[in-house]
Amino acid sequence: MLILSKFLPLFVLPPGICLLLAIAGLLFKRRYLVWISLALLWALSLPVAGDALMRRIEMPYHRIPVESVRRADAIVVLSGMLRQLDGAPLGEFGEAADRFEGGVDLFRAGKAPVLVFTGGQMPWQADAAPEGELLAARARLRGVPAGSIRLTSTVANTAGEAIATSALLGVAHGKPKRIILVTSAFHMSRALMLFRAAGFEVEPYPVDFRATDQMRQTTMLDFLPDANGLDASAMALREMIGRTVYRFGMSVMIPAR
């Protein structure tokens with residue numbers, strides 16, 4: 001099921017859907033399908049389109065000053081920020097590195113006594129270490145005491161992270177744990193939904209904002225197709241699909257408490 005959940009969206013997201021439309025148009029001699037595929041690919045490749053979609057899924061969140069965050073039982077940092085490769089024993093950070101920085105900043109500010117990293121690892125990456133282990137090592141190097149760090153079991157998606165964190169922190173019916181949840185702004189709504197369903201009281205701490213800075217002026221370049229625009233559109237649409245799927249499948253993925 002996990003493989004299907006990762007594989008099937010490729011056919012409903014750009015450029016997969018555009019390619020399928022073009023192939024269908026050629027096979028069935030429907031020229032309009034080819035033109036639709038080209039128009040869709042062009043439109044979703046515009047930086048202004050990608051930015052608008054990304055801004056839409058990041059709503060209503062904004063960056064929160066650490067000092068304004070209320071104390072909680074734990075800070076939970078979701079996986080999805082490291083690439084593992086030879087020569088980098090602790091991995092290399094990707095675009096979502098602010099998840100780690102946000103979690104460490106919150107801990108240093110005394111917002112919770114425990115810092116939780118999730119053990120993100122795909123089944124087809126058996127030789128890779130769970131991401132949480134590498135993040136924990138990095139946190140220790142940044143001065144976070146080993147005794148204050150917790151790791152979940154191995155997980156492959158956000159639903160798994162919510163369930164594993166619930167088991168780790170001992171959430172029980174009528175005794176919810178209060179956590180500060182750290183993840184990318186575009187991913188926060190889906191993560192919030194799942195962690196609340198897992199029995200947590202959640203204060204969101206969104207980071208890694210992808211929408212263009214509002215102080216930046218729109219230019220002609222924003223109306224010219226490029227790979228970054230297409231990537232932003234695809235990421236935003238994937239998140240929209242994920243929210244819909246999780247909303248309808250919540251009772252299956254998160255056991256009732």
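Scope of this entry: the structure provided in the associated data block. (Residues numbered from 1 in each chain as written. Predicted model: local features only at pLDDT ≥ 70, side-chain atom pairs only at ≥ 80, totals over all residues. Heavy atoms only, no water.)

Scanning the protein chain from N- to C-terminus turns up 9 helices and 7 strands. Principal-axis analysis of the C-alpha atoms places the extent of the protein chain at approximately 65 × 40 × 40 Å. Sequence-distant contacts, at least 24 apart, represent 72% of the contacts inside the protein chain between residues at least 6 apart. The centroid of the 28 positive side-chain charges in the protein chain is displaced by 7 Å from the centroid of its 22 negative side-chain charges. (Helix = DSSP H or I, 4+ residues; strand = E, 2+ residues; numbered from the N terminus. Contact = heavy atoms within 4.5 Å. Lys, Arg positive; Asp, Glu negative; His and termini not counted. Charge placed at Lys NZ, Arg CZ, Asp CG, Glu CD.)

Our next topic: unusual backbone geometry. Here the bond from P14 into P15 is cis, since omega is 0 degrees, no more than 30 degrees from zero. Cis rather than trans, the peptide bond between M59 and P60 has omega equal to 0 degrees. Mapping P60 onto the fold places it in the loop between α4 (47–58) and β1 (74–77). The residue K29 is not glycine, and still its phi comes out positive at about 55 degrees. The phi dihedral of D208 is positive, around 55 degrees, even though this residue is not glycine. Along the polypeptide, D208 turns up in the loop between β7 (200–207) and α9 (227–253).

This next bit is on the environment of G242. When you line up the elements, G242 lands in helix α9. Taking the relative accessible area as the measure of exposure, G242 reaches 10% and is therefore buried. Expressed as a C-alpha distance, the spacing of G242 and R190, which sit 52 residues apart in the sequence, is 7.5 Å. (Buried < 20%, exposed > 50% of the residue type's maximum accessible area, 1.4 Å probe, protein only.)

Pairing is parallel in the open sheet, where 5 strands are placed in the order β5-β4-β1-β6-β7. Each end of this open sheet is capped by a strand with a single partner; those strands are β5 (149–155) and β7. Averaged over all adjacent pairs, the angle separating strand axes in this sheet is 25 degrees, with direction ignored. Pairing of strand β6 (residues 177–184) with β7 involves 8 bridges; the strand directions are parallel. Bridge pairing in β7 places L181 opposite P204. Along the sheet, helix α6 (residues 131–141) contacts β4 (115–120) and β5; its crossing angle with β4, the most-contacted strand, is approximately 145 degrees. (Pairing = 2+ DSSP bridges. Axes fitted to C-alpha atoms, helices over the stretch in contact; angles between N-to-C directions.)

What follows deals with the environment of E101. When you line up the elements, E101 lands in helix α5 (residues 98–108). Taking the C-alpha atoms as reference points, E101 and A49, separated by 52 residues in sequence, lie 29 Å from one another.

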